[in-house]
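# Breakdown of the fold
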Amino acid sequence: MDLSYTPEEEEYRARLGEWLAKTLPALPARPSPDDWPARRAYDLGWQRLLHDAGYADVHWDASPTVRLIFLEETEKAGAPYVGANFVGLLHAGPTIAAEGTPEQRARWLPPVLRGDEVWCQGFSEPDAGSDLAALRTRARRDGDDYVVSGSKIWTSHAEVADWCELLVRTDPEAPKHRGISWLAMPMDAPGITVRPLRTLAGSAEFAEVFLDEVRVPAANRVGEENDGWRVTMVTLSFERGTAFVGEVVACRRVLREVAAEARRNGRWDDPALRRRLGRLDAGFRALWRLTQWNVSAAERDGGVPGVGGSVFKLAYSHARQELYDTAADVLGPDSLDLDRPWVLERLSSLSYTIAAGTSQIQRNIVAERVLGLPKGR
């Protein structure tokens, strides 16, 4: 498998790097992490800059390799992350691009690219645990609408979102994986209640969402009725396959900073710590190669990442946690100071073995779909 870049791709990398070097110094100061309306405005302002410069379509109208280059270079340059717009750009948008009708693509994709609309993800439910297909939110067909009742939890950016990628059960009598549909729900519809949730790290980018007889047009269904599980697998393949690419680049930068801090404060003299840092360096280098392999496979298979994304997500989640545990060891008592570098990141890293599919679920996927092992009974 070819992991090299073409001259055209390297030209894109150089052009993007020049634009970032010129644009980033002129950006306004980033708002407070707790001011979500201001963060929404900041993140969408950055997206508009990308749009106007011709870089906005990278998440679905460009090749997977160009997408990889974009994520790598923007992270290296310290550009703003997609932030409040990440569900629209990295999950819902690519899914609609792959599975939506021409009318749906025309309605929803341009506003995301321009930085006009924000999406949230309505997948997880309080009683479903890590078994996403056990969802209970019901959608009853009533003429041209679905009438939706139920609740969602860990709904990313629901408090500032315009739309929600929503999984609902449209056939309660069907086997649980076959009675699900994927809907685009407007967040200003009557019957929606949003209650923000504060995490261990002190952030509030998640929310509970309660749905009481919410009417969603049937035209907002992406894919066929009761075929939502297959559509969801497309969404999750993007979430696990490419959404974490920039974070791998960031972790490699943090690893270098942790090693530099260890040299400054004397922890470098500990051979066990040096071995941990070396093992982490090798691990993140391997994850980057795995990312390139997954991107090459996606190029070959029509642009949608495959099950290799589960291998990546499983390994990355644990590598990230080990990285920040190592950073805490380097900091020593200062690792309890929330104002020190890496401390809040360590708290947030605890969620990575749960978010985007738990490690237990990823192991099942790898066992059954990659290794061909039989399903458990």
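Residues numbered from 1 in each chain as written. Predicted model: local features only at pLDDT ≥ 70, side-chain atom pairs only at ≥ 80, totals over all residues. Heavy atoms only, no water.

Attention now moves to the overall build of the chain. Secondary structure assignment for the chain yields 11 helices and eight strands. By the burial criterion, 51% of the 377 residues in the chain qualify as buried. A sequence separation of at least 24 residues applies to 73% of the contacts in the chain between residues at least 6 apart. Surface accessibility of the chain: about 17,500 Å² in total, with carbon and sulfur atoms responsible for 53%. (Helix = DSSP H or I, 4+ residues; strand = E, 2+ residues; numbered from the N terminus. Buried < 20%, exposed > 50% of the residue type's maximum accessible area, 1.4 Å probe, protein only. Contact = heavy atoms within 4.5 Å. Areas by Shrake-Rupley, 256 points an atom, 1.4 Å probe, with all protein chains shown as cover.)

The subject of this paragraph is the side chain of Thr 170. Structurally, the position occupied by Thr 170 is in the loop between strand S4 (163–169) and strand S5 (180–186). Relative accessible area serves as the criterion here: at 14%, Thr 170 is assigned to the buried category. Engagement of the side chain of Thr 170 in a polar contact is seen with the side chain of Asn 226, the distance being 2.6 Å. If sequence neighbours within four positions are ignored, Thr 170 has contacts with Ala 139, Tyr 146, Gly 179, Ile 180, Ser 181, Glu 225 and Asn 226. (Polar contact = N/O pair within 3.5 Å; in protein donor to acceptor, adjacent residues only side chain to side chain.)

Moving on to helix H3 (residues 64–76). Taking 1.5 Å per residue, 13 residues should reach 18 Å; H3 reaches 18 Å between its end C-alpha atoms and fits that length. Among the 13 residues of H3, 12 are classified as buried, and the element is accordingly described as predominantly covered. Inspection of H3 places Pro 64, Thr 65, Val 66, Arg 67, Leu 68, Ile 69, Phe 70, Leu 71, Glu 72, Glu 73, Thr 74 and Glu 75 among the buried residues, and these make up the whole buried set. The first or second residue beyond H3 is Gly 78, which carries a positive phi of 75 degrees. (Expected span 1.5 Å × (residues − 1).)

Moving on: the packing of aromatic side chains. Counting across every chain of the model gives seven aromatic pairs. Plain terms: the ring middles of Trp 19 and Tyr 55 are 5.3 Å apart, the flat faces sit at 50 degrees to each other, and that makes the pair tilted. One end of the pair, Trp 19, is in helix H1 (residues 7–23); the other, Tyr 55, is in the loop between helix H2 (36–53) and H3, and 36 residues separate them in sequence. Note on Trp 119 and Trp 163: the rings are 5.9 Å apart at their centroids and 25 degrees apart in plane angle, and the pair reads as stacked. Remark: Trp 163 occurs in strand S4 and Trp 119 occurs in strand S1 (residues 119–122); sequence separation between them is 44 residues. In this structure, Trp 119 and Trp 163 share a single accessibility class: buried. Three or more aromatic residues link up through ring pairs in this structure, and these residues are Tyr 12, Trp 19, Trp 46 and Tyr 55. Above the ring of Tyr 5, the side-chain terminus of Arg 13 is found at 4.8 Å from the ring centroid. The ring of Trp 36 has Arg 39 lying over it, and the distance from NZ or CZ to the ring centre is 3.8 Å. (Phe/Tyr/Trp six-rings, centres within 6.5 Å; stacked < 30°, edge-to-face > 60°. Lys NZ or Arg CZ within 6 Å of the ring centre and 35° of its normal.)

This next bit is on the pairing of strand S3 (residues 145–152). Pairing of strand S2 (residues 138–142) with S3, which is carried by five bridges, proceeds in the antiparallel orientation. Within S3, the residue paired with Ala 139 across the bridge is Val 148. Relative to strand S7 (residues 206–217), S3 runs antiparallel, the two sharing seven bridges. Looking at the pairing, Lys 152 lines up with Val 209 of S7. (Pairing = 2+ DSSP bridges.)

Turning our eyes to something else, we now look at the layout of surface pockets. Considered as a void within the structure, the second largest pocket measures approximately 160 Å³ in volume. Around the second largest pocket, the lining residues are Arg 252, Leu 255, Arg 256, Ala 259, Arg 263, Trp 268, Arg 274, Leu 277, Gly 278, Asp 281 and Arg 285. Among the elements of the structure, helix H7 (245–265) and helix H8 (271–300) are those that each provide at least two residues to the lining of the second largest pocket. Each residue belonging to the lining of the second largest pocket can be placed in one class, and the counts come to four nonpolar, one polar and six charged. (1 Å grid on protein atoms, 1.4 Å probe; cavity = no way out; pocket = protein on both sides within 12 Å on 5 of 7 lines; lining within 4 Å. Points joined across faces, edges and corners; volume = space filled by probe spheres on them. Nonpolar A, V, L, I, M, F, W, Y, C, P; charged D, E, K, R; others polar.)

Turning next to the pattern of salt bridges. Under the criterion given, the structure shown has 23 salt bridges. Here Glu 257 and Arg 253 are joined by a salt bridge, their closest N and O atoms 3.3 Å apart. Here Glu 257 and its partner Arg 253 are both found in helix H7, four residues apart, which amounts to about one turn of the helix. We classify Glu 257 as partly exposed; its relative accessible area is 31%. In the salt-bridge network here, residues are joined through shared partners; they are Glu 10, Arg 13, Glu 72, Glu 73 and Lys 76. (Salt bridge = Lys/Arg side-chain N within 4 Å of Asp/Glu carboxyl O.)

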